[in-house]
Amino acid sequence: MPTPDDRFRRQRPTGTSSASDLRLALFTDTFAPQVNGVARTLLRLTETVRSAGGQVLVVTTSDPRAARDGRIERGTERWASAPFWKYDELRLAAPSGARARRALRDFRPTLVHAATPFGVGMAGRATARSLGIPLVTSYHTSFTAYCAHYGLGALAGAGWHFLRWFHNGGQRTFCPTRAVQRELEAQGFAGLSVWGRGVDMERFSPRYRDDALRARLGAGRGDVVVAYVGRLAAEKGLVLAMAAVRRAQELLGGCTAMPRLVFALAGDGPMEAECRRTAPPGTAFAGRLEGNALGAFFASADVFLFPSRTDTFGNVLLEAMASRLAIVAADAPPTRELLGVDGVLGGDDGDASDHARGIITPPDADSLGQALAELVSDPGRREQFAARAYAHAAGRSWTVVFDRLLADYRDVMRAAA
């Protein structure tokens, strides 16, 4: 029987429009085998373009974990890089105009996509402009918000000036949600278009629920597993998550009839030691997971906790929805959009509306903890949110997402012709 990984490798975006006229040069400072939403989305982009008949050159940073996996390394040029001193997962390379010019002259792209505003992306942007090649960019990460989490808050104001300059240098800037589009419009960004995200309903599915895995996480019959998936890093709201779970356990602990809350995290990162030190008793750390193991982890949970307020999309939210989980999240405009939440925070006027796919609360431990406790103790409400979330994920086809992106690519190329 084929595994989810086998299906993923063989999967072709059936219905995706032809890209035979596209020679795409992608410049990005993050790419597989790094495990983050941006790297995974960009890998899927390259596979989609190639399977639709287009050609792709990826220029990215070196990575000591880069496997000689043809799926990842095909058409990839890696530049020497070093880990960012504040976060080893992020690698930085010097912007080499000479190498970028040589790569573009050899490849002869019809379009350059600069996905990140660091060394590699900067080189791609500058060289495309100097050679007169159509250029697009994409906005994936709220770097100004990240500055605050890494003690670089003084740079946040200047960050908007830099990002506006970087992205307005191209013909189009792609953003992941309408909420981010509105934010960038207010900051003076031009040529904005939404490039949404899809989810693989084969890889993420409730049918991969595994009682043996739940037992290894410390969950017995009747217990409720609250899961977190993502980097263990300051900007992801892990301090808030630990405090919220503690508060939920306190609320539930006062009644012996209530189910037990088991907190389980999948991921690694610079905050792992601190998370282990401050985690509530009984917390399970599953480490970095991929493929079958990640799908089973999602499906074996009951509630998904999303404490981040810096994500511009949150791919893990769609993966949790596809796994049929109820979601509790800290308030942020992109998260509101994904969960279909409007109205009053923390109350039935908003979170329990006929359209909400989860609960949004103010970003404090009491509010998140209260919402977690309510879902843990109310299986009917959990099921209500999980059913809506699953139905929404089922309609987020990658084919539709990439058809829209390829159409935008063609518009840019035609305008430059």
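See the structure above.
Below is a summary of the structure that appears in this document. (Residues numbered from 1 in each chain as written. Predicted model: local features only at pLDDT ≥ 70, side-chain atom pairs only at ≥ 80, totals over all residues. Heavy atoms only, no water.)

Inspection of every chain in the model, using the stated rule, returns 10 aromatic pairs. Seen from their ring centres, Phe-162 and Trp-165 are 5.9 Å apart, and the 35° between their planes marks the pair as tilted. Of this pair, Phe-162 and Trp-165 both sit in helix 7 (residues 156-167), 3 residues apart, which is roughly one turn of the helix. Assessed through its relative accessible area of 31%, Phe-162 is described here as partly exposed. Measuring from centroid to centroid gives 5.3 Å for Trp-398 and Phe-402, while their planes differ by 20°, and the two rings are stacked. One end of the pair, Trp-398, and the other, Phe-402, are both in helix 17 (residues 398-416), 4 residues apart, so they sit about a helical turn from each other. By the burial criterion, Trp-398 is buried, and Phe-402 matches it. (Phe/Tyr/Trp six-rings, centres within 6.5 Å; stacked < 30°, edge-to-face > 60°. Helix = DSSP H or I, 4+ residues; strand = E, 2+ residues; numbered from the N terminus. Buried < 20%, exposed > 50% of the residue type's maximum accessible area, 1.4 Å probe, protein only.)

The topology assignment puts Ser-323 in the loop between helix 13 (315-322) and strand 14 (326-330). A distance of 2.8 Å separates a polar side-chain atom of Ser-323 from the backbone oxygen of Glu-319. Here Ser-323 is in contact with Phe-204, Ser-205, Pro-206, Phe-298 and Ala-299, once residues within four sequence places are set aside. (Polar contact = N/O pair within 3.5 Å; in protein donor to acceptor, adjacent residues only side chain to side chain. Contact = heavy atoms within 4.5 Å.)

Take the environment of Ala-407 next. Mapped onto the elements, Ala-407 comes out in helix 17. Overall, Ala-407 belongs to the partly exposed group, its relative accessible area being 32%. C-alpha separation for the pair Ala-407 and Ser-17, spaced 390 residues apart in sequence, amounts to 8.6 Å.

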